[in-house]
Amino acid sequence: TGGLGALPLGQVLHGEVVVGGTNARTVLYQVGEVTEYTAGASLKVKSSDGFEASYVLNADTAGRTAGLATGATVRVVADKEGAVATRVMVVAAGN
């Protein structure tokens, strides 16, 4: 038992992976609590292990950001270009 094949992905808090193919890209993932939120502008999320990240929200942002508030638990998936998260998607954790 054990090994990467048994990795419980439902328990992943945050990380980044490289998705291969013709146009390989780096994808960021984070689950955590919203610690700062400015509608249409930015989102800061803190995972339960203390890791924090900020995301820029703009016209390319997908998911449901309307009604977000500090204290909400969210799942964030974003492409990473250089050191910047782009094409951010935000959903309520558990969805």
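Residues numbered from 1 in each chain as written. Predicted model: local features only at pLDDT ≥ 70, side-chain atom pairs only at ≥ 80, totals over all residues. Heavy atoms only, no water.

1. As for the overall build of the chain
For the record, the criterion: Secondary structure counts use DSSP, requiring at least four H or I residues in a row for a helix and at least two E residues in a row for a strand, with both numbered from the N terminus. We call a residue buried when its accessible area falls under 20% of the maximum for its residue type, exposed when it is over 50%, and partly exposed in between, using a 1.4 Å probe and counting protein chains only. The contact criterion used is simple: two residues touch if any of their non-hydrogen atoms lie within 4.5 Å. Values of accessible area rely on a 1.4 Å probe in the Shrake-Rupley scheme; residue burial ignores everything except the protein chains shown.
Counting its regular elements, the chain contains 0 helices and 7 strands. Secondary structure elements of the chain, listed N to C terminal, follow the sequence β-β-β-β-β-β-β. Counting over 95 residues, the chain shows a buried share of 24%. Taking contacts inside the chain between residues at least 6 apart in sequence as the whole, the part at least 24 apart equals 41%. Within the structure as shown, the chain displays about 6000 Å² of accessible surface, and the carbon and sulfur contribution to it stands at 54%.

2. A short note on the side chain of T61
Formally: Polar contact is defined as a pair of N or O atoms within 3.5 Å, subject to the rule that within protein one atom must be able to donate a hydrogen and the other to accept it, and that residues adjacent in sequence are counted only when both atoms are side-chain atoms.
Note on placement: T61 falls in the loop between strand 4 (52–56) and strand 5 (62–63). Within polar-contact distance, the side chain of T61 engages the backbone nitrogen of N58 at 2.8 Å. Each residue touching T61, except ones within four places of it in the same chain, is listed here: V56 and V88.

3. Some remarks on the pattern of salt bridges
Side chains that differ in sign of charge can pair as their charged atoms come close. Rule in force here: The salt bridge criterion pairs a side-chain nitrogen of Lys or Arg with a carboxyl oxygen of Asp or Glu, the two atoms within 4 Å.
Throughout the structure, instances matching the rule amount to 5 salt bridges. D79 is paired through a salt bridge with R25; the nearest N and O atoms lie 2.9 Å apart. Note that D79 is positioned in strand 6 (residues 73–81) and R25 in strand 2 (residues 25–38), a separation of 54 residues in sequence. Its relative accessible area of 10% is what places D79 among the buried residues.

4. With respect to the nonpolar core
What counts is decided by this rule: We define a nonpolar core as any set of buried Ala, Val, Leu, Ile, Met, Phe, Trp, Tyr and Cys residues linked to one another through side-chain atoms lying within 4.5 Å.
Grouped together as the largest cluster of nonpolar side chains are 14 residues, with contacts concentrated most on L43, Y55, V74, V76, V88 and V90. Taken together, the elements giving at least two residues each to this core come down to strand 2, strand 3 (42–46), strand 4, strand 6 and strand 7 (84–92). Once residues within four sequence positions are removed from consideration, V88 is found in contact with Y55, V56, L57, D60, T61, A62, V76, V77 and A78.

5. Section: the side chain of D79
One polar contact links D79 to R25, side chain to side chain, over a distance of 2.9 Å. When residues no more than four places from it in sequence are discounted, the contact partners of D79 are R25, T26, V27, L28, V84, A85, T86 and R87.

6. Topic: the pairing of strand 7
Taken residue by residue, a regular strand's side chains alternate between the two faces of the sheet. Which entries qualify depends on this criterion: In short, DSSP must find at least two bridges between two strands for them to pair.
Where strand 5 and strand 7 come together, 2 bridges link them in parallel fashion. Pairing of A62 across the sheet is with M89, part of strand 7. Inspection of the sheet shows strand 6 paired to strand 7 by 7 bridges, in the antiparallel sense. Bridge pairing links R75 to V91 in strand 7.

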